[in-house]
Amino acid sequence: MTATSPVSPVGQALILAGGQATRLRPYTDTRPKAMVEVAGRPIIDYQLEWLAGHGVEQVVVSCGYKAEVLREHLEARRGGPEITLLVEDEPLGRGGALRYASTGLRDPKAPYFALNGDVLTWFPLDEMTAHHREKGGLATLALARFRTTWGVVDVDEQDRIEGFTQSPLLPVWINAGVYLFEPGITPLLPAKGDHESSTFPDLAKEGRLTAYRIDGFWRGVDTVKDVKEAGEQITAMREGS
């Protein structure tokens, strides 16, 4: 049997850390969303460690709101990937921020990961990369199972309530905010605006958009409740390891 050759890693990535995150106040009164601490560490530290562990050598961080807080933190870091910080002069939207951040990549002709700055996840990026290359799309989106914030009532065929399930995972998939892009997508991103309402729908119609389903931990941190619950999940994982 022939051994499977290892997947050559993607060596560069973008992190979008420019939003004001009003729903995370008071945490974001003095810091950008990516600097909000979950279980004692800023979100961006988890992301940088995860990326570095999968062969990423350079990360471009696009920021705007409270950029000086992020700059001070990143300049004090030791080890990990090389960091390039780009500050938006004006809000560009997520698609515009991706396009702007791509100008800081060392190799504009190579593929790159892109992450929303409010995502906590750990899944094998080498598997995502292999899947992306096998499918041959221009971009691959990581998808996570949707967890409803509502409790679900379990009812039998005779309308008897059997029990309750709090915030279950539902059998539908959502954009997890982690992407793998070929360099050809960069000029298709909007200079200003949201790629999810422009670039992605166009690529989907052309069959050039691939899905990678995450099997493992994923959490978007968008509200104060998310900070608390994500912290509890991470703490439980640490204690169980």
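See the structure printed just above.
Residues numbered from 1 in each chain as written. Predicted model: local features only at pLDDT ≥ 70, side-chain atom pairs only at ≥ 80, totals over all residues. Heavy atoms only, no water.

K.L.:
I'd like to hear about the packing of aromatic side chains, residue by residue, with values.
P.N.:
Summed over the entire model, instances satisfying the criterion amount to eight aromatic pairs. These aromatic residues form a ring-pair network of at least three members: Tyr112, Tyr179, Phe181 and Phe200. Here the basic side chain of Arg41 rests over the ring of Tyr46, its NZ or CZ set 4.8 Å away from the ring centre. Just above the ring of Trp173 sits the side chain of Arg213; from NZ or CZ to the centre is 5.4 Å. (Phe/Tyr/Trp six-rings, centres within 6.5 Å; stacked < 30°, edge-to-face > 60°. Lys NZ or Arg CZ within 6 Å of the ring centre and 35° of its normal.)

K.L.:
Explain helix 2 (residues 67-76) to me, using residue names and the numbers behind them.
P.N.:
Residues of helix 2 that are buried include every one of Ala67, Leu70 and Leu74, and no others. Buried positions in helix 2, seen along its axis, are confined to an arc of 65 degrees and lie on one side of it. Away from its buried face, by an angle of more than 90 degrees, helix 2 presents the exposed residues Glu68, Glu72, Glu75 and Ala76. Those residues of helix 2 that are buried lie in contact with strand 1 (12-17), helix 1 (43-52), strand 4 (58-63) and strand 5 (82-87). (Buried < 20%, exposed > 50% of the residue type's maximum accessible area, 1.4 Å probe, protein only. Helix = DSSP H or I, 4+ residues; strand = E, 2+ residues; numbered from the N terminus. Arc of directions from axis to C-beta. Contact = heavy atoms within 4.5 Å.)

K.L.:
Please give an account of empty space enclosed by the protein that cites residues and values.
P.N.:
Summed over the entire model, instances satisfying the criterion amount to one cavity of 30 Å³ or more. Estimates place the volume of the largest cavity at around 30 Å³. Elements that contribute at least two residues to the lining of the largest cavity include exactly helix 1 and strand 7 (119-121). (1 Å grid on protein atoms, 1.4 Å probe; cavity = no way out; pocket = protein on both sides within 12 Å on 5 of 7 lines; lining within 4 Å. Points joined across faces, edges and corners; volume = space filled by probe spheres on them.)

K.L.:
For the layout of surface pockets, give the residues involved together with the corresponding values.
P.N.:
Space inside the largest pocket adds up to approximately 850 Å³. Taken together, 33 residues make up the lining of the largest pocket; nearest its centre are Arg147, Ile174, Trp218, Arg219 and Gly220. Every element with two or more residues in the lining of the largest pocket is listed here: strand 8 (139-147), strand 11 (169-181), strand 13 (218-220) and helix 6 (224-240). Classifying every residue of the lining of the largest pocket by side-chain character gives 11 nonpolar, 10 polar and 12 charged. (Nonpolar A, V, L, I, M, F, W, Y, C, P; charged D, E, K, R; others polar.)

K.L.:
Tell me about the pairing of strand 8, residues and numbers included.
P.N.:
Both strand 8 and strand 11 contribute to a ladder of eight bridges, which runs antiparallel. By the bridge assignment for strand 11, Arg147 is matched with Leu169. As defined by bridge partners, strand 8 adjoins strand 12 (residues 209-213) across five bridges and the pair is classed as parallel. Looking at the pairing, Leu143 lines up with Arg213 of strand 12. (Pairing = 2+ DSSP bridges.)

K.L.:
Report on unusual backbone geometry, specifying residues and quantitative values.
P.N.:
Among all residues save glycine, negative phi is the norm, and among peptide bonds the norm is trans. Even without being a glycine, Ala39 presents a positive backbone phi close to 50 degrees. Mapping Ala39 onto the fold places it in the loop between strand 2 (37-38) and strand 3 (41-42). Positive phi, close to 60 degrees, is recorded for Asp159, a residue that is not glycine. One can find Asp159 in the loop between strand 9 (151-155) and strand 10 (161-166).

K.L.:
Could you give an account of the packing of helix 1 against helix 2, with specific residues and numbers?
P.N.:
Packing of helix 1 against helix 2 leaves a shortest axis separation of 12 Å and a crossing angle of 45 degrees. In terms of axis orientation, helix 1 runs oblique to helix 2. Our pair here, helix 1 against helix 2, has a crossing hand that is right-handed. Along its contact with helix 1, which presents Ile44, Asp45 and Leu48, the element helix 2 presents Leu70, His73 and Leu74. A breakdown of the residues in the contact of helix 1 with helix 2 according to their chemical character gives four nonpolar, one polar and one charged. (Axes fitted to C-alpha atoms, helices over the stretch in contact; angles between N-to-C directions. Parallel < 35°, antiparallel > 145°, perpendicular 65-115°, else oblique. Left-handed = near helix turned anticlockwise from the far one by under 90°.)

K.L.:
Give me the side chain of Thr210: which residues, what numbers.
P.N.:
By the secondary structure assignment, Thr210 is in strand 12. Once residues within four sequence positions are removed from consideration, Thr210 is found in contact with His131, Lys135, Gly137, Ala139, Thr140 and Leu141.

K.L.:
An account of the environment of Phe113 is requested, with residue identities and associated values reported.
P.N.:
Considering the arrangement of structural elements, one finds Phe113 in strand 6 (residues 112-116). Taking the C-alpha atoms as reference points, Phe113 and Leu180, separated by 67 residues in sequence, lie 4.5 Å from one another. Setting aside chain neighbours within four positions, we find Phe113 in contact with Val10, Gln12, Ala13, Leu14, Val56, Leu125, Met128, Thr129, Tyr179 and Leu180.

K.L.:
Outline the sheet that holds strand 5, supporting the account with residue identities and numerical values.
P.N.:
If you trace the seven strands from one edge of the open sheet to the other, you get 5-4-1-6-11-8-12, paired in mixed fashion. The open sheet has two edge strands, strand 5 and strand 12, and neither has a second partner. This sheet shows a mean twist of 30 degrees between the axes of neighbouring strands, independent of strand direction. For strand 4 and strand 5, the ladder comprises six bridges, and the chain directions are parallel. If you follow Gln58 over to strand 5, its bridge partner there is Glu82. Lying over the sheet, helix 1 contacts strand 1, strand 4, strand 5, strand 6 and strand 11, oriented at roughly 170 degrees with respect to strand 1. Lying over the sheet, helix 3 (residues 93-102) contacts strand 1, strand 4, strand 5, strand 6 and strand 11, oriented at roughly 140 degrees with respect to strand 1.

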